Amino acid sequence: MRAGPALGLLALALLAGCRPAVTPVPAASNAPAADPAAATTGRSVATVAEAFLTPMTPADNIDSPASWTSPEGQVWLIATAKATDKLVVYDGQTGAHLRDVGSTGTAPGQFVRPNGIAVVDDLVLIVERDNHRVQVLQLPSFTPLGTFAADDLRKPYGLWVNKQASGYDVYVTDSYDAGEDAQGNDVLPPLAELDKRVRRYALQVADGKAQASLVGSIGDTSEKGALRVVESIWGDPANDRLLIAEEDETYASEIKVYSLQGKFSGTTFGRDAFKAQAEGVMLRTCGKDGWWITTEQGKDRSVFHLFDRHTLKHVGAFQGNTVANTDGIWLDQAASPRFPHGALYAVHDDQGVVAFDWASVAKQLSLPLECAK
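Reading guide: rules and limits
- Residues numbered from 1 in each chain as written.
- Predicted model: local features only at pLDDT ≥ 70, side-chain atom pairs only at ≥ 80, totals over all residues.
- Heavy atoms only, no water.
- Helix = DSSP H or I, 4+ residues; strand = E, 2+ residues; numbered from the N terminus.
- Buried < 20%, exposed > 50% of the residue type's maximum accessible area, 1.4 Å probe, protein only.
- Areas by Shrake-Rupley, 256 points an atom, 1.4 Å probe, with all protein chains shown as cover.
- Pairing = 2+ DSSP bridges.
- Axes fitted to C-alpha atoms, helices over the stretch in contact; angles between N-to-C directions.
- Disulfide = S-S within 2.5 Å.
- Contact = heavy atoms within 4.5 Å.
- Polar contact = N/O pair within 3.5 Å; in protein donor to acceptor, adjacent residues only side chain to side chain.
- Phe/Tyr/Trp six-rings, centres within 6.5 Å; stacked < 30°, edge-to-face > 60°.
- 1 Å grid on protein atoms, 1.4 Å probe; cavity = no way out; pocket = protein on both sides within 12 Å on 5 of 7 lines; lining within 4 Å.
- Points joined across faces, edges and corners; volume = space filled by probe spheres on them.
- Nonpolar A, V, L, I, M, F, W, Y, C, P; charged D, E, K, R; others polar.

Novice: I tried to follow the overall build of the protein on my own but got confused; where do I start?
Specialist: Scanning the protein from terminus to terminus reveals 3 helices and 25 strands. Counting only residues that meet the buried cut, the protein has 55% of its 373 residues in that class. Put simply, the protein shows about 15200 Å² of open surface, and 51% of that area lies on carbon and sulfur atoms.

Novice: Teacher, can you tell me more about the sheet that holds strand β24 (residues 343-348) here?
Specialist: Hydrogen bonding along the main chain pairs the strands of a sheet, whether they run parallel or antiparallel. Here 4 strands make up an open sheet; going across it, the order is β2-β25-β24-β23 and the pairing antiparallel. What marks the edges here is a single partner per strand, and that holds for β2 (52-53) and β23 (329-332).

Novice: Would you explain the sheet that holds strand β13 (residues 198-206) in this entry?
Specialist: Ordered by their spatial adjacency, 4 strands build an open sheet running β11-β12-β13-β14, and the pairing between neighbours is antiparallel. Each edge of the sheet is formed by a strand with only one pairing partner; in this case those strands are β11 (156-163) and β14 (209-218). Between one strand axis and the next, the sheet turns through 25 degrees on average, direction left out of account. Pairing between β13 and β14: 9 bridges, direction antiparallel. Bridge pairing in β14 links A206 to K209.

Novice: I keep staring at the state of the cysteines and nothing clicks. Help me out?
Specialist: Chemically, a disulfide is nothing more than a covalent bond linking the sulfur atoms of two cysteines. Summed over the entire model, instances satisfying the criterion amount to 1 disulfide. The disulfide partner of C286 is C371, and the S-S distance across this bridge is 1.7 Å. Here the S-S torsion is close to -95 degrees, and the disulfide linking C286 with C371 is therefore left-handed. Pair noted here: C286 is in strand β19 (residues 277-286) and C371 is in the segment after α3 (358-364), with a separation of 85 residues, a long-range link.

Novice: What is the right way to read the pairing of strand β18 (residues 264-269) from this model?
Specialist: Successive side chains on a regular strand alternate, one facing one side of the sheet and the next facing the other. Two strands pair when backbone bridges link them, and strand β17 (residues 254-258) and β18 are joined in this way by 4 bridges, in the antiparallel orientation. Pairing of K256 across the sheet is with T268, part of β18.

Novice: Is there a simple way to think about the environment of S103 in this case?
Specialist: With respect to the helices and strands, S103 occurs in the loop between β6 (97-101) and β7 (114-120). Looking at S103, the relative accessible area reads 33%, which means it is partly exposed. Those residues in contact with S103, other than ones at most four positions away along the chain, are D85, G109, Q110 and F111. A polar contact is formed between the side chain of S103 and the side chain of Q110, at a distance of 3.2 Å.

Novice: What is the right way to read unusual backbone geometry from this model?
Specialist: Trans is the prevailing form of peptide bonds, just as negative phi is the prevailing case for residues other than glycine. Residue P140 is reached from L139 by a cis peptide bond, and omega for that bond is 10 degrees. With respect to the helices and strands, P140 occurs in the loop between β9 (133-138) and β10 (143-148). Phi is positive for A149, close to 85 degrees, though the residue is something other than glycine. The backbone phi angle of D240 is positive, close to 50 degrees, even though this residue is not glycine.

Novice: Sorry, what's going on with the packing of aromatic side chains here?
Specialist: Here a ring pair, both rings aromatic, is described through the centre-centre distance and the interplanar angle of the planes. For the structure shown, the criterion picks out 15 aromatic pairs. Judged by centre distance (6.4 Å) and plane angle (40 degrees), the rings of F52 and Y345 are tilted. Linking F52 in strand β2 with Y345 in strand β24, this pair joins segments that are 293 residues apart in sequence. Assigned by exposure class, F52 and Y345 land together as buried. Ring geometry for W234 and W330: centres 5.7 Å apart, planes at 85 degrees, overall edge-to-face. Taken as a pair, W234 in strand β15 (residues 230-236) and W330 in strand β23 lie far apart in primary sequence, 96 residues in all. Across the pair, W330 and W234 agree in class, each one buried.

Novice: Whenever I open this one, empty space enclosed by the protein confuses me. Can you help?
Specialist: Remark: the empty space left among the atoms is shown by a probe the size of a water molecule rolled over them. Scanning all chains against the criterion turns up 2 cavities of 30 Å³ or more. What the largest cavity holds in volume is close to 190 Å³. Residue lining of the largest cavity: 20 residues in total, with S64, L159, S232, G328 and I329 positioned closest to the centre. At the level of elements, β3 (62-69), β7, β11, β15, β19 and β23 are the ones that each hand at least two residues to the lining of the largest cavity. Considered class by class, the residues forming the lining of the largest cavity number 10 nonpolar, 7 polar and 3 charged. In this structure, the second largest cavity spans a volume of roughly 60 Å³. What lines the second largest cavity is T69, V75, Q93, D332, A334, A335, S336, F339, G342, A343 and Y345. When its residues are assigned to classes, the lining of the second largest cavity shows 6 nonpolar, 4 polar and 1 charged.

This is the structure we're talking about:
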């Protein structure tokens with residue numbers, strides 16, 4: 001949840017119209033490498049070479065990615081650009097830049113600081129922090145279908161979409177504050193006021209229109225369960241779990257476990273594993289089993305930690321050769337020509353997105369590729 005610097009008009013002008021080539025990835029071994037902190041923490045972190053890096057565009061301040069596969073099999077990797085108020089679309093197989101979508105504003109199809117993003121069916125949902133709303137677009141045309149939640153959200157960041165038999169449940173994190181201190185830092189509200197850190201909406205899409213209603217608010221107010229600084233969220237309906245990353249490093253970098261109805265389970269995990277801010281959260285299913293993938297947002301190198309889907313036990317960690325300061329991640333489990341076992345996409349240092357071949361990750365962490373149904 002790190003904010004990028006303000007951009008000058010000159011920098012934007014120089015970057016406008018540029019279409020840099022896909023950044024080549026240096027050849028590297030996938031052999032396990034020693035983590036810089038291993039000597040003091042005793043942890044082991046494997047190194048997995050990135051399959052590609054997209055073009056780096058620092059002026060965009062890239063935050064979060066999501067992917068979509070067209071009926072013809074083309075994979076789009078769509079990322080939010082916080083500073084330039086648009087979506088950046090890449091080829092999900094090569095990382096090549098395809099197009100930009102959107103502009104600054106409040107009209108349909110416009111954005112003000114787009115942050116979290118999710119794709120479900122042929123819909124892409126974008127959280128706009130400074131428009132304090134969620135916008136729904138239809139793919140592949142990016143046709144605006146509607147917005148919702150502007151009357152409820154104050155400072156939203158991330159979201160998770162749970163598909164239902166009819167419609168969708170949408171969970172949105174809202175990291176509102178209680179003003180600023182003398183140094184300009186956000187002031188955390190009292191615990192008693194953290195009961196609306198996640199908002200849950202029932203979304204319906206019909207006849208070219210998206211409409212949503214507020215179902216409820218989520219946020220425990222106890223010392224252990226309170227959601228102090230929030231962005232990343234993901235759920236596991238089969239096990240009635242909602243995982244939310246706690247990003248308040250003055251308290252702890254950890255994952256808190258809630259139910260889908262919004263009750264704190266009493267369980268937290270990851271505090272001993274994370275050596276930097278907890279960020280992106282995704283679930284890789286493997287039949288009834290699987291792994292939670294979480295992000296440690298190191299400034300010099302991001303580390304991705306995997307935890308058992310059921311026990312939440314730490315089962316391994318890896319890093320790339322390059323990727324650092326990661327905000328959002330997105331897991332695409334679908335097979336594609338480049339990634340037969342799926343891909344993990346991760347933002348790199350606010351500038352672009354990298355891809356990891358899941359087969360390479362599984363090999364280094366000794367995870368099964370074939371799963372029981």
